[in-house]
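# Chains, contacts and geometry: an overview
Single-letter residue listing:
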Amino acid sequence: MQLRTGDMKDRGRGDEIIALQSAESGMQLGRALLHALHNAGISVLYQDREMKTVWARNMRPPWISDTGISDPGDGHGILPLAQVERIGAAKRKVVASGNPEHLELSIPADDGVRWFQIWVDADHEDGGAVQGIVTTMVETTEQKRREQTLKTLLREVSHRSKNLLAIIQSIATQTSRYSDTLSDFLTRFRGRLQSLASSQDLVTSSNWRGAALRELVSGQVGRYGADPVRSLRFRGANPYLNPNAALHIGLAIHELAVNSVSYGALSRADGFVEVTADLTAASAGETALALTWTEAIGANDNQPSEKRFGSVALERVVPASLNGTAKLEISGDRLEYHLVVPRGNFETD
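Here goes a summary of the coordinates provided. (Residues numbered from 1 in each chain as written. Predicted model: local features only at pLDDT ≥ 70, side-chain atom pairs only at ≥ 80, totals over all residues. Heavy atoms only, no water.)

## Observations regarding the nonpolar core
Where we set the bar: By nonpolar core is meant a set of buried Ala, Val, Leu, Ile, Met, Phe, Trp, Tyr and Cys residues that side-chain atoms within 4.5 Å join together. Buried residues are those whose accessible area, probed at 1.4 Å on protein chains only, stays under 20% of the maximum for their type, while exposed residues exceed 50% and partly exposed ones sit between those limits. Secondary structure elements are defined from DSSP: runs of H or I of at least 4 residues count as helices, runs of E of at least 2 residues count as strands, and each element is numbered from the N terminus. We call two residues contacting when some pair of their heavy atoms lies within 4.5 Å.
L213, L241, I249, W293 and Y337 are the most contacted members of the largest nonpolar core, which totals 35 residues. At the level of secondary structure, the elements contributing two or more residues to this core comprise helix 4 (182–205), helix 5 (213–222), strand 9 (232–236), helix 7 (243–262), strand 11 (273–281), strand 12 (287–296), helix 8 (311–321) and strand 14 (334–342). If you tally residues by element for this core, the top one is helix 7, at seven residues. Not counting residues up to four positions away in its chain, the partners in contact with Y337 are A252, L256, L291, T292, W293, L314, V318, P319, A326, K327 and L328. Formed by 20 residues, the second largest nonpolar core is a distinct cluster that contains A90, L105, A122 and V130.

Given below as structure tokens:
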């Protein structure tokens, strides 16, 4: 079969078009890969067997300095010497064995530590010999920080969970000790657990920072059907309690509110309680929080004279847990509870 001259020319033009299209596709692919490297924060360095740089793409600090490319491993860049030696040893090992190597590096920075994953791969000739090495560097600082933050949060959750379980165990012990029947125990114990849950909701919603005192007191009083706007008169400071203080002071307010609803001022339609919070000078010049609950007891109120209702929690458990002091007084027509806790349990900013 003979090809005419025109056919040969047409085929030649077709080959040229295919070649041009192939070259253009290759250029497009190269540009796309450069964009991908840039967007992903990946740096790539190609070197020959003698560690001379052949080309580099998307090099960023610490792999590039004001004077040009800083070869990871040549000792002339801005990397710590120990890291330079690790990278250099990995490269020499890849040249000798032809097998890839992987490293994780931490590099000191102005804002802490920067983390990098580094892969060193051999570039083999058709015969299998190593003709060069490709070093790929990816920064993983943000991922590391997220991992460290997660670990810290998990440790904090574990710590707080253990504290909460210890509080519940103490409540169960004291409740059983002063309960006459199983039904009485369950009623009191459930109420105290619900009090803890209410306080814990405030702590959780603040990202474990704690709870504002006024909101905590209002929430605990309001849980028993009393309208805090009418039945609660809160005066004084409104410090922010840390999580431990929020749980224990919430428990104290729960005990006082339950007693008041059952026997005291909140058992009457026109009854109310007063809560004052003062920041006072304590020892060593530190500030302490003095919290006082006061209510008038009418002549017809069946207030227990023996202070049995939660008095152990009010006078012993709560102050001991906060390194503070407490005093419960029931006399005549008045009930007062005073709780003083040191500055470590709250903040005022």
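## As for helix 8
Along helix 8, the residues that are buried comprise S311, V312, A313, L314, V317, V318 and P319. Buried residues along helix 8 sit against helix 3 (141–177), helix 7, strand 13 (325–331) and strand 14.

## Thoughts on the packing of aromatic side chains
As a reminder, the rule being used: Centre distance within 6.5 Å is the pairing criterion for rings of Phe, Tyr and Trp, where only the six-membered ring of Trp is used; planes under 30 degrees apart are then read as stacked, over 60 as edge-to-face, and the remainder as tilted. Think of it as a cone above the ring: NZ of Lys or CZ of Arg counts as a charge over the ring if it is within 6 Å of the ring centre and within 35 degrees of the ring normal.
Within the structure shown, the criterion is met by two aromatic pairs. Here the aromatic rings of Y46 and W55 are separated by 5.7 Å at their centres, their planes lie at 10 degrees, and the arrangement is stacked. Over the ring of Y240 we find R209, and its NZ or CZ is 3.9 Å from the ring centre. Its end group placed over the ring of F272, R233 keeps NZ or CZ at 3.6 Å from the ring centre.

## Considerations on unusual backbone geometry
Unusually for a residue other than glycine, M51 sits at a positive phi of about 70 degrees. Position of M51 among the secondary structure elements: in the loop between strand 1 (42–48) and strand 2 (53–57). With a phi angle near 55 degrees, N58 is a residue other than glycine that sits in the positive phi range. Among the structural elements, N58 can be located in the loop between strand 2 and strand 3 (64–65).

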